[in-house]
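Chain by chain, the residues run as shown.
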Protein chains: 2
Amino acid sequence: MADAGAKKSNIDAGAKKSNTNAKSGGKKKEVKKETGLGLSKKKDENFGEWYSEVVVHSEMIEYYDISGCYILRPWTMSIWETMQAFFDAEIKRMKVKNTYFPLFVSPGVLEKEKDHIEGFAPEVAWVTKSGKSELEVPIAIRPTSETVMYPYFSKWIRGHRDLPLKLNQWCNVVRWEFSNPTPFIRSREFLWQEGHTAFATQAEADEEVLEILELYRRIYEEYLAIPVVKGKKSELEKFAGGLYTTSVEAFIPNTGRGVQGATSHCLGQNFAKMFGIEFENEKGGKAMVWQNSWAYSTRTIGVMVMVHGDDKGLVLPPKVAATQVIVVPVPYKDTNTKEMFEACLRTVDTLTEAGFRVEADLRDNYGPGWKYSHWEMKGVPLRIEIGPRDLEKKQVRLARRDNSDKLDIPVSNLVEQVKDILDRIQENLFDVAKQKRDASIRVAKTWDEFMEALNQKKMILAPWCDEMEVEEEVKKRTKGEIGAAKSLCTPFEQPELPEGTLCFASGKPAKKWTYWGRSY
Amino acid sequence: MADAGAKKSNIDAGAKKSNTNAKSGGKKKEVKKETGLGLSKKKDENFGEWYSEVVVHSEMIEYYDISGCYILRPWTMSIWETMQAFFDAEIKRMKVKNTYFPLFVSPGVLEKEKDHIEGFAPEVAWVTKSGKSELEVPIAIRPTSETVMYPYFSKWIRGHRDLPLKLNQWCNVVRWEFSNPTPFIRSREFLWQEGHTAFATQAEADEEVLEILELYRRIYEEYLAIPVVKGKKSELEKFAGGLYTTSVEAFIPNTGRGVQGATSHCLGQNFAKMFGIEFENEKGGKAMVWQNSWAYSTRTIGVMVMVHGDDKGLVLPPKVAATQVIVVPVPYKDTNTKEMFEACLRTVDTLTEAGFRVEADLRDNYGPGWKYSHWEMKGVPLRIEIGPRDLEKKQVRLARRDNSDKLDIPVSNLVEQVKDILDRIQENLFDVAKQKRDASIRVAKTWDEFMEALNQKKMILAPWCDEMEVEEEVKKRTKGEIGAAKSLCTPFEQPELPEGTLCFASGKPAKKWTYWGRSY
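Residues numbered from 1 in each chain as written. Chains lettered and ligands numbered in written order. Predicted model: local features only at pLDDT ≥ 70, side-chain atom pairs only at ≥ 80, totals over all residues. Heavy atoms only, no water.

Under an unreviewed UniProt entry, chain A has the name proline--tRNA ligase and belongs to Prunus yedoensis var. nudiflora. Within the UniProt record for chain A, the comment given under Catalytic activity (unreviewed entry) is "tRNA(Pro) + L-proline + ATP = L-prolyl-tRNA(Pro) + AMP + diphosphate". (UniProt positions renumbered as here; feature names shortened; annotations may be inferred.)

What follows is the structure, given as structure tokens:
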């Protein structure tokens, strides 16, 4: 009303833009395009559209009729659940307890921490009506839960015995962003976990920040087979209202963009001050708690698609694949398929009993070629083909999704071989990704080197004076069509910084090596 | 704007009303009241306030500064997760796959099914702003996801091979109700699972409705130790837009109210028609799918509190208790506590290894008496006391939460005895609840008998003509201060209905026995 000029179209925009078969309902003729047939775009030629096609054709995502919102299909959710099972067990071991706080925040509470709300205000979605009635006070939907939770921390924490308090929740959050919605990577609603902890001392908080960051590294490197850099964010890029932010940073060579993979923040005592979270210490004095918050989201899955996917579709690391092995019968004309189908089912049984996630595709309305393409599109790590000759020779043929290698193995050795090859696929995906990531890193000591590397879509390691004004200046000077460069992180593993090294941007003495680049 | 008279206060109302120590922040002096000390209200005397106190003092719930929203604390979440682990595994065995659809619905889709939207419209919360900008089109928050999902069912289902389609999601939903918000039982946001399935034939849909209903019965009876009646809802009470609704119904003797425990709906082909969910059958003809939807929510936990709780606080069934056994040292003056604490920790280790969830309370700032009350308030099923005499005699003392029985057992026999007693507690909770529930049932064949039983807060089994107008009339005639009576369900287990039996309300020939009563 007050601001009619700022009205933004929110329905259908995303679906229209997506340029995939994402219209809801009706169009029955498009069916064959959805899966099994190739992608119309190549990863190296048109990355953006390639990505949209992969996530839809692999049946991970369906575009939704509200822009920036996406349907997470079972193929996605099972990856999410695998990571969740790992992370949830690990934090329970650390005595973190799960909780669930409301989706809604009252404006007074939301706005209590000034820097924090400044960071989030433009993206907050507001509920103003129920049924046909106006609410007396509009209510915000959580973009994150610091201000939702901390009034209650101040109620629950009284003495040193109430510390540490370690809570986590698995939930949805909403950030009504308008810049380039992208499935998984930038969506208006997403799933995440958010941990919120309070300690008596900074030392304990500092220690937990790194413990959690290590779990995030493991999610990326051990589960998703994606190399990440652990490091600290700059003052400009840290969490709004926090003391310092650590993150794991991934890189997408095709677009030359960094991706903040997950963050573990030390909030210091700033929120404690705002929300009055004090405790009586052992000596009977009053003290303020030290707080952390940390989160990873469904963004992880988007990074996985971007890093491993290829022109045939998705490529899933075995550790997170809903289906690790797909068994496909390969009948010739006039073959007796009964025996072959039985061999397929036996193979499924043997591997299932051995603990693998395996299925057979025995559909009679598709040929083997179509099935190969279909399961390649969906990224299943290993295919087992069984044809008449295999039956005869008591063997099966294995075909790897990651490098297309084929191998005939005796049925008697099935379990060992499959285990070995799945391990090798997991390893190879990581190695290849690391090789590509490493090949994307450039060291730049001067502004010219920096700009050259940036234009070559590199992840740039540069000596920096660590001044906020300088980073702001870098952003301004690099603001072009494909987005400004910013600092990604200061890696914990620092190369040597010889005395007298100067900042690439300001020419002042450098204090550290920092990664720079464009980012998602 | 248009309807300023209908403005409703939404901030703080619930917290003020709750009459518990629910104010956020600041009031440090109230700490001791929060746990460990007794309840100020008795279950039989002031059930409503007793309930509010129990859920807060046991640390299950914290009242929130937005009315009708509640914080689910770890003590609650671990119960939720136990039920979730059971149900999720069972439906995965039925080949149901997890998915996640957006929180937001566009108005056009929401309003597509007329009966359905009429049922939910008054409770829908609307987002109309993001940041400082008005949205062009207001967006609804899902009260349930039929209309969110089914446009995509129509896209994904083409041929008979795409059926059955079985999806489920674990998520939050919002129903902005204004009548008596009650933690767990009636809240504006709650957690649930919602299953949505589509079949080629009604027979398959019918079968699944009952399979799921059986899982709901097991959640109540096997996990929460609460007897329920399986049955069918009346036309008036069925799911808006569906074909028929089945449910498990619990009963709260103290308030004389039924509680719909969980529902499994057959939607028939009604939504399929509205959303165009058709498929090509084996003969190449077009057919419409048959659909189900089914859900249980955090309401389950509220029913558990109401049924088992007592004047000392919560009573948890061992199968869902976060902590099944609490070990408390009972030192006398001048005792060497070191040996005793070691015995406590050994007990914890032994029982943990045997698979129990057990903790020791070794805090030195509370005495045994305080600890007994504290863990009784939190409902831990079994307490183990270890004092100097127990050490001497190589025994421990067991104290049951459900019936206060005490028993000394030799340490050598610990695991077997604890297992046996936890099993017996689980059984006893169910038996006692069933006895009370059964004692609340009255058969009423006439209107006078019906009204007498209703005034005695009974759950009434009455012969009924099964006419919608008659149920509407019953509602009108019973509308009093404590709420109108309605049909709860027509139980699948029907007593004999002799020919010539007349409807208690209309005097017409009765068609079935139906449960009636006031309800939550």
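Student: Can you walk me through the overall build of chain A in this structure?
Tutor: Across its full length, chain A holds 16 helices and 23 strands. Principal-axis analysis of the C-alpha atoms places the extent of chain A at approximately 85 × 65 × 55 Å. Relative to all contacts within chain A whose residues are 6 or more apart in sequence, the contacts with residues 24 or more apart total 69%. Surface accessibility of chain A: about 21100 Å² in total, with carbon and sulfur atoms responsible for 49%. (Helix = DSSP H or I, 4+ residues; strand = E, 2+ residues; numbered from the N terminus. Contact = heavy atoms within 4.5 Å. Areas by Shrake-Rupley, 256 points an atom, 1.4 Å probe, with all protein chains shown as cover.)

Student: Please explain the packing of aromatic side chains as it appears in this structure.
Tutor: Each aromatic ring pair is summarised here by two numbers: the centre-to-centre distance and the angle between the ring planes. Residues and elements named next belong to chain A. Tallied over the entire structure, the rule returns 58 aromatic pairs over all chains. With 6.1 Å between their ring centres and 85° between their planes, W170 and Y296 make a pair best called edge-to-face. Within this pair, whereas W170 is found in strand β7 (residues 165-174), its partner Y296 is found in strand β14 (residues 290-297), the two being separated by 126 residues in sequence. Y296 carries the same exposure label as W170, and that label is buried. Linked through ring pairs, W80, F87, W170, Y216, W294 and Y296 together constitute an aromatic cluster. One residue, K319, lies across the ring of Y223, its end atom 4.4 Å from the ring centre. (Phe/Tyr/Trp six-rings, centres within 6.5 Å; stacked < 30°, edge-to-face > 60°. Buried < 20%, exposed > 50% of the residue type's maximum accessible area, 1.4 Å probe, protein only. Lys NZ or Arg CZ within 6 Å of the ring centre and 35° of its normal.)

Student: How should I be thinking about the environment of E123 of chain B in this particular structure?
Tutor: Residues and elements named next belong to chain B. Along the chain, E123 turns up in the loop between α6 (114-120) and β5 (125-130). Taking the C-alpha atoms as reference points, E123 and F178, 55 residues apart in sequence, are found 8.5 Å from one another. When neighbours within four sequence positions are excluded, E123 is seen to be in contact with V174, R175, W176 and E177.

Student: Please clarify how the nonpolar core should be interpreted in this entry.
Tutor: Ranked by size, the top nonpolar core spans 82 residues in total, and within it F104 and I141 of chain A together with F104 and I141 of chain B carry the most contacts. Those residues in contact with I141 of chain B, other than ones at most four positions away along the chain, are F104, V127 and I141 of chain A together with L103, F104, V105, V124, A125, V127 and V174 of chain B. (Core = buried A, V, L, I, M, F, W, Y, C linked by side-chain atoms within 4.5 Å.)

Student: Got a minute to help me understand the pairing of strand β9 (residues 229-232) of chain B in this structure?
Tutor: Strand residues, when the strand is regular, have side chains that alternate between the two faces of the sheet. Residues and elements named next belong to chain B. Going residue by residue along β9, you find V229 and G231 tucked away on one face and K230 and K232 left uncovered on the opposite face. Bridge analysis of β9 against strand β22 (residues 486-491) gives two bridges, and the strand direction is antiparallel. By the bridge assignment for β22, G231 is matched with P491. (Pairing = 2+ DSSP bridges.)

Student: Can you walk me through the UniProt feature "domain: Aminoacyl-transfer RNA synthetases class-II family profile" (unreviewed entry) in chain A in this structure?
Tutor: The UniProt record marks residues 79-317 of chain A with the feature "domain: Aminoacyl-transfer RNA synthetases class-II family profile" (unreviewed entry), using the residue numbering of this structure. For the annotated span residues 79-317 of chain A, helix accounts for 31% and strand for 33% of the residues, and the straight-line distance between the end C-alpha atoms is 10 Å.

Student: Looking at this model, I keep getting lost on the state of the cysteines. Mind explaining?
Tutor: Here, disulfide denotes a covalent bond that connects the sulfur atoms of two cysteines. Inspection of every chain in the model, using the stated rule, returns zero disulfides over all chains. In this structure C489 of chain B is not part of a disulfide, and its nearest cysteine sulfur, from C503 of chain B, lies 16 Å away. (Disulfide = S-S within 2.5 Å.)

Student: Just to check I follow, could you spell out the pairing of strand β7 (residues 165-174) of chain B for this structure?
Tutor: All names here are of chain B. Counting buried positions along β7 yields ten of ten residues, so the element is predominantly enclosed. The side-chain alternation of β7 yields two buried faces, one formed by L165, L167, Q169, C171 and V173 and the other by K166, N168, W170, N172 and V174. Bridge analysis of strand β3 (residues 97-98) against β7 gives two bridges, and the strand direction is parallel. Counted as the bridge partner of K97 is L167 from β7. The pairing of β7 with strand β8 (residues 189-199) spans ten bridges and is classified as antiparallel. From the neighbouring strand, L165 faces β8, where its bridge partner is A198.

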